[in-house]
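An overview of the molecular structure
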Amino acid sequence: MAYSIEEEQELNELKTWWKENGKLIVAIFVLTLAGVFGWRYWQSHQIAQNQQRSVQYEQLVSQFQADKANVGSVEQFAQSNDKTAYAVFALLDAASISVQKQDFAQAENLLKQALANADDDILRSVSALRLAAVQFQKQQFDNALASLDQVKGDAWNSAAFLLKGDIQLAKGDKESAKASFEQGLKNASPVETDLIQVRLNNL
């Protein structure tokens, strides 16, 4: 089949254009494919890593429950999984077990590490609240108040103000405690409301 002059010109223009741009298009295509496959590989790798962390985390907490002296393994896990939620969860769980066994010094150390590993406001707030509670138990009142300053978000306000009021009351500052309790009532849950109201009634 013979080509018309117009078709020949279009074909020649296409060949010229391809010579000038073909390598670039192929390179873009290859890079795009590499990016897609690379992204999928990275996602699969992340899923596999998270599954592995999950298994290690469950084993770790179970071992620590049986042997509280095995705190080194918890800290090593946290270091190996630095700045991940699993590191924070492991440290929080270990601290909770330490509190149950009334080893408040160990609990405080673990909670400080949890706070350092927390990379979002929720984990940071939970870690700070628990740390403040342990420091209050140890009668480290100023340290506990400083830890409460790191609690962020309305969801934690009532719990933070309740604890803050308890700390201020323990320091003998009834006026500040009353102000904290009243502030805590603003967004309190029914349980928190009852707890705060009892304290206010006893002031």
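Refer to the structure presented above.
Residues numbered from 1 in each chain as written. Predicted model: local features only at pLDDT ≥ 70, side-chain atom pairs only at ≥ 80, totals over all residues. Heavy atoms only, no water.

The next thing to look at is the nonpolar core. Among the nonpolar cores identified, the biggest contains 30 residues, and Leu110, Leu148 and Ile167 are the most heavily contacted of them. Taken together, the elements giving at least two residues each to this core come down to helix H2 (71-80), helix H3 (85-100), helix H4 (104-117), helix H5 (121-137), helix H6 (141-148) and helix H7 (157-170). The element best represented in this core is H5, accounting for seven residues. Each of domain 1 (49-140) and domain 2 (153-202) gives at least three residues to this core. Apart from residues no more than four positions distant in its own chain, isoleucine 167 is found in contact with Phe136, Phe141, Ala144, Leu145 and Leu148. (Core = buried A, V, L, I, M, F, W, Y, C linked by side-chain atoms within 4.5 Å. Buried < 20%, exposed > 50% of the residue type's maximum accessible area, 1.4 Å probe, protein only. Helix = DSSP H or I, 4+ residues; strand = E, 2+ residues; numbered from the N terminus. Domains from an automatic or database assignment. Contact = heavy atoms within 4.5 Å.)

Let us look at the pattern of salt bridges. Applying the stated rule across the entire model yields five salt bridges. Across the pair aspartate 121 and arginine 124 runs a salt bridge whose closest N-O atoms are separated by 2.9 Å. On the criterion of helical spacing, the pair formed by aspartate 121 and arginine 124 is a turn pair, its members being three residues apart in helix H5. What you see here is one network of salt bridges that share partners, running through Glu108, Lys112 and Lys138. (Salt bridge = Lys/Arg side-chain N within 4 Å of Asp/Glu carboxyl O.)

It is worth spelling out the packing of helix H8 (residues 174-184) against helix H9 (residues 190-202) at this point. Two numbers describe how H8 lies on H9: the axes approach to 10 Å, and their chain directions differ by 150°. Classed by the angle they form, the pair H8 and H9 counts as roughly antiparallel. H8 and H9 meet at a crossing whose hand is left-handed. Of the residues in H9, those touching H8 at Lys178, Phe181, Glu182 and Gly184 are Ile196, Arg199 and Leu200. (Axes fitted to C-alpha atoms, helices over the stretch in contact; angles between N-to-C directions. Parallel < 35°, antiparallel > 145°, perpendicular 65-115°, else oblique. Left-handed = near helix turned anticlockwise from the far one by under 90°.)

For serine 125, the position within the fold is in helix H5. The contacts of serine 125, once residues within four sequence positions are left out, are Gln150, Val151, Lys152 and Trp156.

With that settled, consider the packing of H7 against H9. Packed helix pairs are characterised by how far apart their axes lie and by the angle those axes make with each other. At a minimum axis separation of 11 Å, H7 and H9 run at an interaxial angle of 20°. Between H7 and H9, the angle is such that the two are roughly parallel. Here H7 and H9 pass one another in a crossing that is left-handed. Between H7, through Ser158, Ala159, Leu162 and Asp166, and H9, the contact on the second element is made entirely by Glu192, Leu195, Ile196 and Arg199.

What follows covers H8. Of all the residues in H8, the buried ones are Ala177, Ser180, Phe181 and Gly184. Buried residues of H8 fall within an arc of 100° about the axis and therefore sit on the same side. On its buried side, H8 packs onto H7 and H9. (Arc of directions from axis to C-beta.)

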